[in-house]
Amino acid sequence: MDMQSVSQQFRPLRWCLLSTAMCLICAVSQAQVPDNVAFEAVSIKLARPGQTASPQQGGPNTTSPGQWSWQNVGLSRLIVRGWNLQPGQLVAPPSTDKEAYDIVAKLPAGTDEEGLRTMIRQMLLERFKLAVHSEDRKTSVYEMRVAAGRTRMKHREAPEPEKEAIPAGTIATIEGVPVLSSDRPEVRHLSRGGVVFVLGSLQEISALAHELSRPAHREIVDKTGLSGKYDYSFQYHLDLSLLAPGAPSAAAEPPGQLSNTPTAAPEPTLSFVDSVEQQLGLRLIPKTVVKTAIVVDSFEHIPIAN
């Protein structure tokens, strides 16, 4: 047998060993949190009873990259944030959110999104003595595909050159519906009378799927095949009864309020899935898949003192 034949016989073995090694490296890197990646300083206090919840402030890709804060946040949402989980990927007891916390942290210069998530995990492990493990579980997801015809979103690859730059956050009202006018990638959440508006500018379809996953209470997997960036305006009725413990939801971060703005609210009897198809031209198809979940084993309600 010549050397070339021997080499061809052992080639699959080499690839098998290489693949196994890469899987082990990935598993170890996900299980460990580097000791040198941590907040420069972090204050954790119990939130006052009756305190209004607020969205996260500061951090990477904001005007305050050196400070990150979150007011009146439960432990489950911190876990979801730190492990970047989708709906259904967190398994935690109801007591996980018995308390809420006010958190203010100082970030090292140049911290990116992945760095922030690592620091949040480190904080949870050290200050809350959080213990978790991962396991594969069946979970419900939606596959998102283009409905018959075409999407009802505005395709926009780049800002229009003849148009003057519009400051971020400019809200216009067209036929009674708020629309985000911006030349920057941006998403805004607004609410009025139990109706939540999700307004996007220059957003990729994968980002839209992530936004819709929160009110859908399950992960949405992009199967549209669409590329480029889009502007969109979507509205739905908020149903608090659908919330599951630990599920990332738009309801958990109260959006801004629309005042004196006429709205064409969707029919209360229209389901979320039907609303997506009617307003965005996208179909949500239920599927069952096996995904890795984070399971909470133990934690301390009162974090280690600052």
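To start, this report covers the structure provided alongside it. (Residues numbered from 1 in each chain as written. Predicted model: local features only at pLDDT ≥ 70, side-chain atom pairs only at ≥ 80, totals over all residues. Heavy atoms only, no water.)

Details of the packing of aromatic side chains
Under the criterion given, the structure shown has six aromatic pairs. Seen in terms of ring centroids, Trp68 and Trp70 are 6.2 Å apart; in terms of plane orientation they differ by 70°. Their pairing is edge-to-face. Grouping residues by exposure puts Trp68 and Trp70 together as buried. Each ring, one from Phe234 and one from Phe272, has its centre 5.6 Å from the other, and the planes form 90°; the classification is edge-to-face. Of the two residues, Phe234 sits in strand 13 (residues 230-237) while Phe272 sits in helix 5 (residues 272-280), which places them 38 residues apart along the sequence. Its relative accessible area of 17% is what places Phe272 among the buried residues. These aromatic residues form a ring-pair network of at least three members: Phe39, Trp68 and Trp70. Against the face of Tyr142 rests Arg218, its NZ or CZ located 4.3 Å from the ring centre. (Phe/Tyr/Trp six-rings, centres within 6.5 Å; stacked < 30°, edge-to-face > 60°. Buried < 20%, exposed > 50% of the residue type's maximum accessible area, 1.4 Å probe, protein only. Helix = DSSP H or I, 4+ residues; strand = E, 2+ residues; numbered from the N terminus. Lys NZ or Arg CZ within 6 Å of the ring centre and 35° of its normal.)

Side note on the sheet that holds strand 5 (residues 100-106)
A sheet is described by the order of its strands in space; here four strands give the open sequence 1-5-3-2, paired in antiparallel fashion. Across the chains shown, the open sheet's two edge strands, defined by having one partner strand only, are strand 1 (41-46) and strand 2 (57-58). Here two bridges tie strand 2 to strand 3 (residues 67-74), and the two strands are oriented antiparallel to one another. Each residue of the ladder has a partner; that of Gly58, found in strand 3, is Trp68. Sheet contacts for helix 2 (residues 75-83): strand 3 and strand 5; angle to strand 3, the most-contacted strand, approximately 140°. The strands touched by helix 3 (residues 113-127) within the sheet are strand 1, strand 3 and strand 5, with strand 1 carrying the most contacts at an inclination of about 55°. (Pairing = 2+ DSSP bridges. Contact = heavy atoms within 4.5 Å. Axes fitted to C-alpha atoms, helices over the stretch in contact; angles between N-to-C directions.)

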